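Architecture and fold: a report
Listed below are the residues making up each chain.
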Amino acid sequence: MNVVTLSQLQFAATGMFHWIFVPLTLGLSIMTAWMETKYVTTGDETWLRMTKFWGKLFLINFALGVVTGITMEFQFGLNWSEYSRYVGDIFGAPLAIEATLAFFLESVFIGVWIFGWNKISKKTHLVAIWLTAVATNVSALIILLANAWMQKPVGYVIRNGRAEMNDFLALLTNDYGLIKFVHTLMSGYALAAFVIMGVSAWHLLKDNETDFFKRSFKMAATWAFVASILVALTGDFHAAEIAEHQPEKFAAMESIWETKKNVGMSMLVFPDAKNERNAIESLTIPSLLSYMAFRETEGEIRGLKDYPKEMRPPVTPVFLSFRLMVGLGFFMIFSSLVGLVLSRKDNFTDNRLFLTIMVFAIPAPYLAQQLGWLVAELGRQPWIVYGVLKTADAVSKSITSTQVILSLLGFTVLYGMLGAIDIFLLVKYAKKGPDTDVSSIIQVQGRG
Amino acid sequence: MDISIFQIIWFVLWGVLWAVYFMLDGFVLGTGFMAGFLAKSDTEKRVLINAVGPVWDGNEVWLVTAGGATFAAFPTTYALMFSNLYSALILLLFALIVRGVSFEFRGKIDSPVWKKSWDTAIIVASFLPALLFGVAFGNIFKGIPMKNDFAAINFSYDGTLIGLLNSYGLLTGVLFVLLFAVHGSLYAAIKTTGDLSRRGEELANKLWLPLLVVAVAFLGYTYPATKLYDNFLKAPVLLIVPLIAVVSLLLVKVFIAKGSCHKAFLFSCLTIVFVVFTGVTGLFPNLIPSNIDPASNLTIFNSSSSLLTLQIMTVVAAIFVPIVICYKIWVYRIFRARVTNEEVLGNPEAY
């Protein structure tokens, strides 16, 4: 394999690994802050115990999210130095701003939150978790704006042999990034809510701490349902945006080969990339795809055949990832709605089948998130910056394939071990359940 | 304003970010790889980890910011520095990743084998970055074998990982290790109590002389090995920078001898900051020189971002860096008390 492919593999592997931990951080930070707010405003001890229990899982997960994030920042220079040099004038700024504005805030106040229980007042402690939570969300916004610039480059001019920024505001208000941000953020909230529902269901099945986990489940079901609906809505907007700005990606997502008006959406499709057609295509709802892409049934969708083969994204993986992601999204809406309705009733824990399903549903949002990134990044190929710079031209020139093979091996072994340990610890502490005694905190904070 | 003003502002900020990073992570790395000498029991090891627990993550962000600032302000330098030093930086990255999770993971399972493994991980993953940062900066001071044609956008590098392990690079590596060892020991002295604190003071005292010897050797060897002194010879007033470094280092010993570890730690901070400033002052206007062709030097003029980007970044830094400094000082104040054995044993939240 050459340096480009190896570097792509490494970026994909390290990025997807990083993304196992980020969405739970995004969602669980806000939800933990929410629980602590309830505790501070009501004084109800259960909310404090919830804060501590879910907060612990948040922290075990947080550690790996942080350390794997540094890899992402360094990799632009390590493996993609031509990219960094060519677009650094506009792409470097958001990364530096993210560190200064958000990453500092979250990293400093997470320390205050963990170690501050008996050192600062109740209210200051609450402020610490909110600052951490808001900062992680702002981090995501800035990073997604940077990623959006690679998808829909704005506010730049090609000058001095590189892309130079000429409109910073355009970068910050890139609609592609803003929609993507809400889509991603809501999917993070949904994921965290599914983790809470799943873990709670596991304990409820064992009749363990029933009040505690009923309350957790009920809270999470609301978050999960609202967030999943918003994921779908923003996903719909996002797809329309892609249809307009990245028609090849859209065509690959839907496996559309021929340019046509009035394109229907087929429920059953399987692409046959080799022969540039679909092997299966049935159960078609007329005009639906045209409508979803352009908000009019007459909308013309450009097919993949309009583009030379080397300019098309890899159709089969993009299409399958997209379909599966959407399917999982619908499953999440449906199951969280059922959860929302059932958890209103006091005896909902009798429904053991539903609780069991919710335990096994934990991986669903994780899988959906990974698939979403595959659609976004594979769908942009062969470009690294859409329409501006090809991936093949972006790689570092001074590195050899041996170097990248070794680093990729290193990442695989290291991340494999750390990931296994982290998931093991998450499961261990999730199964262990909440601590019964929080009196020491209440005593100290009462004085504070 | 002219672009060169902003290029100079960002050169200064670049130096400050690295200096502050080494000052802050220096003591975390130092207590990390000195843990075996400092702490004798499991409780003492936990005290040590908890002494850095609330702040290590925030300290590491200075590195992320230094990296981000290099990317935003000097993208060509960022691109070539990272790709040319690929293997060394990958190793550094692995070490920093392991170091970070070790703190979180160590206390999560109550088994001697588990804890011992993470103790070893902390020592190795703290020592490696100290050494590698030193080696990397030694090579940056010396220049690396690259040939850059900026007009034709054609860059080449002719170095290897083994090539970085030259005598000057290694000497700088040892200098960093000793600086952080003393720094970390002093941090243990002022942040813990009893035997642990006393051992920190003793170790700092013992390691001071080797540090001085290496520092003198470094200053001497820098003359034939690098061009850092050129700037100081051109403008002798700049010699104040290395002078402050040397005086601070001497004061570290003075205050340890007086039993005043807080002041010794303060001057250890100054020593690290001014050692970095000495190197950076000598580099100006280069960020990374080439040791085979002066025209290939990466300078603040030939590798910077455009005027607009530098202006925007200056505004961002002018607003947010002071805010960051304010809340970081606040946090250090909250956690200013020494960490005791009883506190760690009684607190289920502790690492």
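Residues numbered from 1 in each chain as written. Chains lettered and ligands numbered in written order. Predicted model: local features only at pLDDT ≥ 70, side-chain atom pairs only at ≥ 80, totals over all residues. Heavy atoms only, no water.

With that out of the way, let us pick up the interface of chain B and chain A. Contacts between the two partners involve 65 residues from chain B, matched on the other side by 73 residues from chain A. Carbon and sulfur atoms supply 75% of the area buried between chain B and chain A, which totals about 6200 Å² over both sides. Our count for the contact surface shared by chain B and chain A stands at 1 salt bridge. As a salt-bridge pair, B:E343 and A:K119 come within 2.9 Å of each other at their nearest N and O atoms. Linking chain B with chain A are 17 residue pairs in polar contact (both at pLDDT 80 or more), by the criterion used here. Looking at the side of chain B that touches chain A, the elements with two or more residues in it are α3 (56-73), α4 (75-84), α5 (86-106), α6 (112-142), β2 (154-157) and α13 (307-334) of chain B. Of the residues assigned to the side of chain B that touches chain A, the class counts are 42 nonpolar, 16 polar and 7 charged. (Contact = heavy atoms within 4.5 Å. Buried area = accessible area lost by both parts, 1.4 Å probe. Salt bridge = Lys/Arg side-chain N within 4 Å of Asp/Glu carboxyl O. Polar contact = N/O pair within 3.5 Å; in protein donor to acceptor, adjacent residues only side chain to side chain. Helix = DSSP H or I, 4+ residues; strand = E, 2+ residues; numbered from the N terminus. Nonpolar A, V, L, I, M, F, W, Y, C, P; charged D, E, K, R; others polar.)

A separate point is the confidence of the model for chain A. The predicted model of chain A averages 92 in pLDDT, with 98% of residues at 70 or higher. Ranking the elements of chain A by mean pLDDT puts helix α14 (residues 439-447) of chain A last with 62 and helix α12 (residues 363-378) of chain A first with 97. (pLDDT = per-residue confidence, 0-100.)

Here we take up the packing of α5(B) against α6(B). In a pair of packed helices, the angle between the axes and the distance between the axes together describe the arrangement. All names here are of chain B. Where α5 meets α6, the axes come as close as 8 Å, and the angle between the chain directions of the two elements is 145°. As for the relative orientation of α5 and α6, their crossing is left-handed in sense. Residues A88, L91, L92, A95, L96, V98, R99, V101, S102, F103, F105 and R106 of α5 form the contact with α6, whose own contacting residues are W114, K115, W118, D119, A121, I122, A125, S126, L128, P129, L132 and F133. Of the residues belonging to the contact of α5 with α6, the class tally is 18 nonpolar, 2 polar and 4 charged. (Axes fitted to C-alpha atoms, helices over the stretch in contact; angles between N-to-C directions. Left-handed = near helix turned anticlockwise from the far one by under 90°.)

Attention now moves to the confidence of the model for chain B. The predicted structure's coordinates, where accompanied by low pLDDT, should not be read in detail. Averaged over all residues, the pLDDT of chain B is 93; the fraction at 70 or higher stands at 99%. No element of chain B has a lower mean pLDDT than helix α14 (residues 341-346) of chain B, which averages 81, and none a higher one than helix α8 (residues 167-191) of chain B, which averages 97.

A separate point is the packing of helix α1 (residues 3-38) of chain B against α3(B). Residue and element names in this part refer to chain B. Between α1 and α3, whose axes approach to 8 Å, the crossing angle comes to 155°. Taken as axis vectors, α1 and α3 run roughly antiparallel relative to one another. Handedness of the crossing formed by α1 with α3: left-handed. Taken together, the residues of α3 that come into contact with α1 (itself represented by W10, W14, L17, W18, V20, Y21, L24, D25, F27 and V28) are W56, N59, E60, W62, L63, T65, A66, A69, T70 and A73. Class assignment for the residues of the contact of α1 with α3 results in 15 nonpolar, 3 polar and 2 charged. (Parallel < 35°, antiparallel > 145°, perpendicular 65-115°, else oblique.)

This brings us to the nonpolar core. One finds A:W54, A:Y83, A:F91, B:W18 and B:F22 to be the most contacted residues of the largest nonpolar core, which totals 265 residues. Per-element tally for this core: the top contributor is helix α3 (residues 81-115) of chain A, with 20 residues. The residues touching A:F91, leaving out its near neighbours within four places in the chain, are A:F76, A:Y83, A:A146, A:W149, A:M150 and B:F71. Grouped together as the second largest cluster of nonpolar side chains are 26 residues, A:I242, A:L289, A:A293 and A:L328 included. (Core = buried A, V, L, I, M, F, W, Y, C linked by side-chain atoms within 4.5 Å. Buried < 20%, exposed > 50% of the residue type's maximum accessible area, 1.4 Å probe, protein only.)

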